[in-house]
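Chains, contacts and geometry: an overview
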Amino acid sequence: MDFSDTKEEAAFREEVQGWIAENAPDYLFESLSTSGFGSTGTGDYDPLTEAKKWQKKKADAGWACIQWPKEYGGRGATPIESVIWGQEEGVYARLSGNFIIGQGMCAPTMMAFASEEHKQHYLPKLASGEEVWCQLFSEPHSGSDLAGLRTRAEKDGDDWVINGQKIWTSGAQHSDYGILITRTDPEVPKHRGLTMFFLDMKSEGIDIRPIKQSNGDSGFNEVYFDNVRIPDSQRLGGVGDGWKVALTTLMNERLAIGGSIATGFAEIKELVDELKIATGTAIDNPAVRSRLADWYAKSAGLKNTAARAISALSKGETPGPENSIGKLVAGGMMQDIAKFALDLQGLGGAIVDPEIQASSARLQGMLMRSPAVRIEGGTDQILRNIISERVLGLPEEMRADKGMPFSKIPKGG
Amino acid sequence: MVQDQISRFLRDKCDFSVFRSVLEGDEPYAEAVWRGLSEMGVQGSAISGDYGGVDAGYLTLCLAARELGAHLAPVPFSSSIYLAAEAISRYGSELQKETWLPKLAAGQVIGTLAVSESVLEPTSDSIATTFANGKLTGVKLIVPHGLVADVAIVLAKTDEGLSLVLTELENSKREKVDTVDPTMASATIEFSEVDAQVLGSAHDGWAAISDIYNRAAVLYAFEQIGGAEQALQMAVNYAKERFAFGRPIGSFQALKHMMADMYVALKLAESNCYYAAWALQNDTDDLDLAAATARVSATQAFQLCARDNIQVHGGMGFTWEFDCHLYYRRSNYLTLIIGGLSTWEDKLVYALPDVA
């Protein structure tokens, strides 16, 4: 494979650079660049308003969700062009945080399973950021064992009536729509009794409560459903086919997360180049260099793996479960890097005040946020199961509930 | 594809019985395998057509290296091609190239590179072998494939500083030196006032070694991922067949997750190797960084896969009879061959651009 731009790619890159130079919100450049880890710094401006403005501007000029077909609000661009766009959008891509779930996970599911009429109606507004979507999967009793979910959907005339609770729903509080997986038949084995829908998040009976996370932020929510009605026309896939539909979403989730994930390498490199420790500048210490080399080799490995996945995509191949390695490597690495960085600073490393700490305390933010990276969207352990079973072909986990009707599975507490 | 052809040939002619006959001292290297590779032109893959090579480029040589690594081929390929032929191609005079490259490309002659003089990692001021008035004197303690090589490129001290010199080995005393991987045919070579000539024109020998090592690092990295992949496959196969507690041991997460981590290390290294192969083929500005990155991650991957393959096999993995130690031996020798992991970690960090 080739790692440099072809003539066509170079021309496309130039076009992208030109449009971004002309149109990007450069008044946000400084605050976006110095954003604390995991937050979108927009200074005196409201982040969601600015995000929607930039997304709409891109959409109007044909630069939103560029890989989507034109009729759904995209540009019909190739995977390579999409990567080039991402590289050139650079720091302004930090504005897109609110749209990642909708555009990266809900949209591919809608494209695969929604009716043509619904696709034409919903996808363009999802691309342009006018409407925000969320994904309602995890529940208090089913995280890694997602197929053990309990939220019920019962048929009533042409509607389904939903009762139950979802958790860890990013962005639910400002979402207009969501995709929702429910249990429609508790009397069959757990994977076979599930059905997927999309719904209006302003429907009557929905109650959204933010979760205060261990790092003090609130990016996730609990969502309660009390007799919420969804028309049958908003069902995605067949009744009982929800697991198959969910796999489409989850495969895209691992791609969306793995492809763009931060590792913390840039931050640690910047720190050790300048930081003074007992033996002199940190980078002059062999132990520091050894760690740095290991992390660079890993982050380069992820970047080059992504480049190979994109190259495979552009040849029409489907990204496989091997892409699970992205988040697995990056999550642990980020946590190690943050811990190491603070350690080099001594007690001063404990300070999280962005006014005092270098780089807006990004490494401290990383320390406190990274435990979640190793859990969200598939825990490290689930990802290792996927790699060992689906890539290496090792025997499946022994499952105590195999073949058992959902209603008969022991539920513990 | 050339790679398939090499793979098929090695599968047929270079199974572990061949490795073991070299390991157990019946022959210093697998001569029949070496000849078979010459017949396919593998040694000449990246050597110019002007000097008897097949000019197929470095990408082809990288893929060949991967296959040789996968089969732990006990032949002097790496020393002769990644080290000696590269040194002559890059630094040799026209006459030296015309004399040696066609023979190296055809596998008629075996070459090597002699640097280490003690049990310490060599440095630019530790080299004691001298070259003066056309004569070479000194002892190289461990020379890979030194036992079977016909010609050596030697790092020596001259009045003008370090230089690479070329010498034929027929008049030098050599003795087998025991190492963790006896199939690498390592030797101690003693030069006492033997004839030698500067490789090409006057040059900085230490810088030349560094340049040759950077390029060789990419090729060794391909051997390392080839070996890592096979060691992982061996572990996976065994874990599917071996039962304990009434179930295949490969169904236990403790082992599944260990093998998943082996796969992750391999995948990262493989992607870095592909990038480095592209950098080598196109002689890009970031070759130093790309090579060090491939070398570091491939070393990690092969060491991890070889080590944990033994762990998956349990006690059987520690027997002479099982093949696990063959990967373990090779992985540990290859880690050290052009400088150990910490040396390459340093090279990587010093090659990083200022703004990451």
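Residues numbered from 1 in each chain as written. Chains lettered and ligands numbered in written order. Predicted model: local features only at pLDDT ≥ 70, side-chain atom pairs only at ≥ 80, totals over all residues.

What follows is about the overall build of chain A. For chain A, the count of helices and strands is twelve helices and ten strands. Its C-alpha atoms give chain A a radius of gyration of 22 Å, within 12% of the compact-globule value 22 Å for 413 residues. With the C-alpha coordinates aligned to their principal axes, the bounding extent of chain A is approximately 70 × 50 × 45 Å. Here chain A holds 413 residues, and the buried ones make up 39% of them. Across chain A, contacts joining residues at least 24 apart in sequence account for 71% of those joining residues at least 6 apart. (Helix = DSSP H or I, 4+ residues; strand = E, 2+ residues; numbered from the N terminus. Rg over C-alpha atoms; globule rule 2.2 N^0.38 Å. Buried ≥ 20, exposed ≤ 12 C-beta atoms within 10 Å, placed from the backbone. Contact = placed C-beta atoms within 7 Å.)

Before going further, it helps to spend a moment on the packing of helix α7 (residues 205-241) of chain B against helix α8 (residues 253-282) of chain B. All names here are of chain B. Taken N-terminus to C-terminus, the directions of α7 and α8 make an angle of 155°; their axes are 9 Å apart at the nearest point. Considering their axes alone, α7 and α8 lie roughly antiparallel with respect to each other. Crossing geometry of α7 relative to α8 is assigned as left-handed. Here Arg215, Val218, Ala221, Phe222, Ile225, Ala228, Glu229, Leu232, Ala235, Val236 and Ala239 of α7 come into contact with α8, specifically with Leu255, Met259, Met262, Tyr263, Leu266, Ala269, Glu270, Cys273, Ala276, Ala277 and Leu280. Of the residues belonging to the contact of α7 with α8, the class tally is 19 nonpolar, no polar and three charged. (Axes fitted to C-alpha atoms, helices over the stretch in contact; angles between N-to-C directions. Parallel < 35°, antiparallel > 145°, perpendicular 65-115°, else oblique. Left-handed = near helix turned anticlockwise from the far one by under 90°. Nonpolar A, V, L, I, M, F, W, Y, C, P; charged D, E, K, R; others polar.)

With that settled, the discussion passes to the domain arrangement of chain A. Buried accessible area, meaning the area lost when the parts come together, often serves as the stated size of an interface. Taken domain by domain, chain A consists of domain 1 (7-127), domain 2 (133-245) and domain 3 (261-378). A per-class count over the side of domain 1 of chain A that touches domain 3 of chain A returns four nonpolar, four polar and no charged. (Domains from an automatic or database assignment.)

Residues and elements named next belong to chain B. The terminal C-alpha atoms of helix α6 (residues 94-106) lie 18 Å apart, and with 13 residues this matches the ideal 18 Å at 1.5 Å per residue to within 8%. Roughly 30° is the biggest bend found in α6, and it falls at Trp100, with proline Pro102 one to four residues downstream. For α6, the full list of buried residues reads Lys97, Trp100, Leu101, Leu104 and Ala105. Close packing links the buried residues of α6 with α5 (77-91), β1 (111-114) and β4 (151-158). (Expected span 1.5 Å × (residues − 1). Bend = angle between axes of the 7 residues up to and from the residue.)

All names here are of chain B. Interhelical geometry of α7 versus helix α10 (residues 324-336) gives an angle of 155° and a closest axis separation of 11 Å. Taken together, α7 and α10 sit at an angle that is classed as roughly antiparallel. As for how α7 packs across α10, the hand of that crossing is left-handed. Contacts between α7 and α10 pair Tyr220, Glu223, Gln224, Gly227, Gln230 and Ala231 from the former with Tyr327, Arg330, Ser331 and Leu334 from the latter. Residues that form the contact of α7 with α10 fall into these classes: four nonpolar, four polar and two charged.

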